[in-house]
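Below are the chains, spelled out letter by letter.
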Amino acid sequence: MKTLNRKWGELVLFLLLFMSLSSVAGGEDAKLIQLATDAEIEGEITQYLISEKLDGVRGFWDGEQLYTRSGLRIVTPAWFTHSFPTYPLDGELWMGRGTFEQVSGLVRRKTPLESEWKKVTFMVFDFPESKLSFGQRYQYYVKALADISPYLSVIEQTQVPNVEQLNAKLALVVNGGGEGLMLHKQDALYVAGRNRDLIKLKPFYDAEATVIAHLPGKGQFSGLLGALLVETPEGVRFKIGTGFSLEERRQPPKLGDIITYKYLGFTQKGTPRFASFLRVRVNSKVTQ
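Owing to the predicted nature of the structure, the values given are computational and were not obtained by experimental measurement.

Glancing now at the packing of aromatic side chains. Taken as a whole and assessed by the stated rule, the structure comprises 14 aromatic pairs. Ring geometry for F244 and F277: centres 4.8 Å apart, planes at 20°, overall stacked. Placement of F244 in the loop between β12 (237-240) and α6 (246-250) and of F277 in strand β14 (residues 276-280) is noted, with a sequence separation of 33 residues between them. Each residue in the set W61, W79, F80, F84, W117, F122 and Y151 is aromatic and connected to the rest through ring pairs, giving one cluster. A cation over an aromatic ring shows up here: R249 above the ring of F221, its NZ or CZ 3.9 Å from the ring centre. Seen from the ring of F100, R279 lies directly overhead, with NZ or CZ sitting 4.3 Å from the centre.

Formed by 26 residues in total, the largest nonpolar core has its most connected members in F80, L89, L93 and F122. Of all the elements in the fold, those that place two or more residues in this core are β3 (57-61), β5 (89-94), α2 (100-108), β6 (121-126), α4 (134-144) and β7 (152-154). A total of four residues in this core trace back to one element, the largest contributor, which is α2. L225, I240, F244 and F277 belong to the second-largest nonpolar core, a separate cluster that totals 13 residues.

Before going further, it helps to examine the sheet that holds β7. Pairing within the open sheet is mixed, and its five strands lie in the order β4-β3-β5-β6-β7. On the outer flanks of this sheet lie β4 (66-67) and β7, each paired with one strand and no other. Looking at chain direction, β6 and β7 are connected through three bridges and run parallel. Note that in β7 the partner of F122 across the bridge is L152. Contacting β3 and β5, α2 crosses the sheet at an angle of about 45° to β3.

This paragraph deals with the pattern of salt bridges. Between side chains of opposite charge, pairing is possible as soon as their charged atoms come close. Within the structure shown, the criterion is met by 14 salt bridges. The residue R58 makes a salt bridge to D90 at a minimum N-O spacing of 2.8 Å. Here R58, found in strand β3, pairs with D90, found in strand β5; they are 32 residues apart in sequence, far enough to count as distant. By the burial criterion, R58 is buried, and D90 matches it. Three or more residues are tied together by salt bridges with common partners; here these are K53, D55, E179, K200, K202, D206 and R279.

Here five bridges tie β5 to β6, and the two strands are oriented antiparallel to one another. The residue of β6 that forms the bridge with G91 is V124.

This part covers the sheet that holds strand β10 (residues 205-216). If you trace the five strands from one edge of the open sheet to the other, you get β12-β11-β10-β13-β14, paired in antiparallel fashion. Strands at the two margins of the open sheet, each flanked by one partner only, are β12 and β14. Direction aside, neighbouring strands of the sheet carry axes that sit 45° apart on average. The sheet contact formed by β10 and strand β11 (residues 225-231) spans six bridges and is antiparallel. The residue of β11 that forms the bridge with A213 is L229.

Conventions and cut-offs
Residues numbered from 1 in each chain as written. Predicted model: local features only at pLDDT ≥ 70, side-chain atom pairs only at ≥ 80, totals over all residues. Heavy atoms only, no water. Phe/Tyr/Trp six-rings, centres within 6.5 Å; stacked < 30°, edge-to-face > 60°. Helix = DSSP H or I, 4+ residues; strand = E, 2+ residues; numbered from the N terminus. Lys NZ or Arg CZ within 6 Å of the ring centre and 35° of its normal. Core = buried A, V, L, I, M, F, W, Y, C linked by side-chain atoms within 4.5 Å. Buried < 20%, exposed > 50% of the residue type's maximum accessible area, 1.4 Å probe, protein only. Pairing = 2+ DSSP bridges. Contact = heavy atoms within 4.5 Å. Axes fitted to C-alpha atoms, helices over the stretch in contact; angles between N-to-C directions. Salt bridge = Lys/Arg side-chain N within 4 Å of Asp/Glu carboxyl O.

These values are about where atoms sit, not about what they do.
Structure below.
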């Protein structure tokens, strides 16, 4: 009986700890971290600071540990975060353009691969506890965090004088293999949840949906995945049949997985137009 009571107590303690960590780390459901929108640009383009949208894994440093967007602890080598500051940072774990799969694989591991973590940088793009405007906090922290760690860097923010230059910058990033741009109003405060002052600018939009069924392939994809039936958080169901590698068709995302897809606007029925699979979102699934 004592053993049973002890195990039950350990389980309750674990659940309480998990809930507190999710809150600290600012999981999306808790609305404690700032999230970008696809809102229209408002006012003059000179009001915004612009950076590249990195295709990495979102990370939240609470002053002691790194967490994913959904509040799950990221296990890193101790030396990786050794020199990080004791205040929160919001950023992206990144290894360079086109390396999302490598980074997400590292993040999902229970035991870190030290040789691979040496290739990762925590690219900081915001500072949750600061009460300064974005332009002011960027100027302050880019100096405060300079050279404190080889594995931490503040993402460079720049300005453009007009929309033509903005489009040229976007084309340059995309043609170089980047995802797009982030536009952040200089006078904006850090706001939990969706913030219209933080805008994603990409050739395609992206969003997330839950896998609810596998649809069999035909012809060249006979015996493989033909398409995923997915459902958005709003309850809209539609099929995604493109964007998969041959290996992903052999071993498709599991039922219940949350995937990211790209699309170009909406159809008259309200479903995403030209939806294409991008990746499985990093979540609670880990590997040894």
